[in-house]
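Chain and residue survey
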Amino acid sequence: MRKLCWVVVLALAAATLSAGAASAEPIAVCGHTTAQPTIHQGATGDSVTEAQCQLNLATKASKYTPIGADGQFGPATDARVRVFQRCAGLSVDGEIGAQTWGALNTWSAHPRKCSPTGTPATAQAKVCGLTEARPSLRKGANGVEVKEVQCRLNLAMDPWHYGPLAIDGDFGGGTESRVIAFQHCVNLGADGVVGPNTWAKLTDWSSRNAYCAPPKPAGYAIDGVDTAKYQHPGGAAINWTAVKASGVEFATVKATRGLNVTDEYLATDLPTARNAGLAVAPYHFYTGSAANTGAAQADRFIAAVKATGYTGKRAGDLPPVFDLERMDDGSGRCPPFATVTDTKAWLDKVEAAFGRRPIIYTQKSFLDACMGSTTAFAAYPLQLADYRQSITQPPLPAGSSSWLMWQYTDVAVPDGIPAPATADVFHGGQADLDRLANR
């Protein structure tokens, strides 16, 4: 299921303009106006309100508390414009001209993280600027009050778990579903109706430095992340020090795929993540598109990871990971030549090379459908993928009695990673992780 994350990331990258580029057509992301004149401190009107609202959507992901969207271009707006211009790699002058408008249109519709990050500030009640009316609203409603709800939902909900709603004033099924998700997040009755309690919570969450996000699985304290070239949109680097500071303790980093692909960021990500203090493992994506290639795929993997300094025995080295899943061509098919024998050929050769029993990344459903519910891998530690929020642990393959890592989402964005990544929890405590990582 790592490939699902790649689809998300590629969609995000396609929707995101390069820093400083102007969009082809002005976009009223917040629903005020498409008029985008050059404005600076002292300006007033709908274009200022639209800019303030877009600034809030564009900078909250970088931990900036929303400013007031009141149509008055004062010092607070000037300061936030300069913050955004630094984030977007633009000339920092506090003036919103064509390039800043273009970047705002993109960043507000598809938020990104940037550095520097903000600090807590006084929460603002007027962050969308559309209306201060608070009527009860439900599916079928329309008008400016619905726009206010949609805008505030976009500010309140973690943008990497919940794609932005169109601020169109139409309370349809998408808006109703997002209201229900928000109500679940803030522990309200989830009826999809925006009444007084939902308005109050929505006003609070949208106006301060916090997002509602789906909870990670309960009871597992240690977090991990999985990365590949898809977490480097436009060649952006991962700040592994920031990843570690955000609470992530381990990472699996893509090394190779099949017989002929080495991930272009392996040589930097694997040693840099380890040097930042994370426990790290390289992983190989098994293709199974030709018969009896497991040993040759293992040879490529061994050479690629040894070239980074990985031995499997240093402090911080986790065992290598074998990614055993459906084809990554979008078809969802079983690899046509995947067999237990060929899989074991890779596992045995890599275990001999590093003296560590590999971890197998897979799913029960894959082993059931594609390998006849085999129990041949019951003795291997498992990284299991399952993104359902309705379960308390991933289902175990036949013969297995436990799991080691649970990849529970494909839309996590810890600090330091510029695009969505898959994330994991570890089945054990810090001492268990340290032992596994030779620490």
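See the structure printed just above.
Calculation notes
- Residues numbered from 1 in each chain as written.
- Predicted model: local features only at pLDDT ≥ 70, side-chain atom pairs only at ≥ 80, totals over all residues.
- Heavy atoms only, no water.
- Salt bridge = Lys/Arg side-chain N within 4 Å of Asp/Glu carboxyl O.
- Buried < 20%, exposed > 50% of the residue type's maximum accessible area, 1.4 Å probe, protein only.
- Helix = DSSP H or I, 4+ residues; strand = E, 2+ residues; numbered from the N terminus.
- Core = buried A, V, L, I, M, F, W, Y, C linked by side-chain atoms within 4.5 Å.
- Expected span 1.5 Å × (residues − 1).
- Contact = heavy atoms within 4.5 Å.
- Disulfide = S-S within 2.5 Å.

What about the pattern of salt bridges?
- Under the criterion given, the structure shown has 18 salt bridges.
- Linking arginine 208 and aspartate 204 is a salt bridge whose minimum nitrogen-to-oxygen distance equals 2.8 Å.
- Judged by relative accessible area, aspartate 204 falls into the partly exposed class, the value being 32%.
- Across the salt bridge formed by lysine 344 and aspartate 348, the nearest N and O atoms sit 3.5 Å from each other. With lysine 344 and aspartate 348 both in helix α11 (residues 340-354) and four residues apart, this pair spans about one turn of that helix.
- Among the residues examined, lysine 344 registers a relative accessible area of 26% and is labelled partly exposed.
- The partly exposed category is assigned to aspartate 348, whose relative accessible area is 39%.
- By sharing partners, the salt bridges in this structure join Arg274, Arg314 and Asp317 into a single network.

A closer look at the nonpolar core
- Within the largest apolar cluster, 46 residues are counted, with the highest numbers of intra-cluster contacts made by Val225, Trp240, Val243, Phe301, Leu324 and Phe377.
- When residues in this core are grouped by element, the largest group, five residues, is from helix α10 (residues 294-306).
- The next biggest cluster of nonpolar side chains, apart from the first, holds 21 residues, and it includes Ala58, Phe84, Trp101 and Ala103.

Section: helix α5 (residues 144-156)
- Along its 13 residues, α5 runs 18 Å from first to last C-alpha, staying within 8% of the 18 Å computed at 1.5 Å per residue.
- Within α5, ten of the 13 residues are buried, which leaves it mostly tucked inside the rest of the structure.
- The complete set of buried residues in α5 reads Val146, Glu148, Val149, Gln150, Cys151, Arg152, Leu153, Asn154, Leu155 and Ala156.
- On its buried face, α5 is in contact with α2 (46-59), α6 (173-185) and α7 (196-206).

Focus on the environment of leucine 347
- Summarising the element assignment, leucine 347 is placed in helix α11.
- Along the sequence, leucine 347 and glycine 294 sit 53 residues apart, while their C-alpha atoms lie 8.3 Å from each other.
- When sequence neighbours within four positions are dropped, the list of residues in contact with leucine 347 reads Phe322, Pro358, Ile360, Phe377 and Tyr380.

A word on the state of the cysteines
- For the structure shown, the criterion picks out three disulfides.
- In this model cysteine 334 forms its disulfide with cysteine 370; the gap between the sulfur atoms is 2.0 Å. Its torsion about the S-S bond being -75 degrees, the disulfide of cysteine 334 and cysteine 370 is classed as left-handed. With a gap of 36 residues between them, cysteine 334 in the loop between β5 (321-323) and α11 and cysteine 370 in helix α12 (residues 364-370) connect regions that are remote in the sequence.
- For cysteine 334, a relative accessible area of 27% translates into the label partly exposed.

Such coordinate-based values are descriptive only and should not be taken to indicate function.
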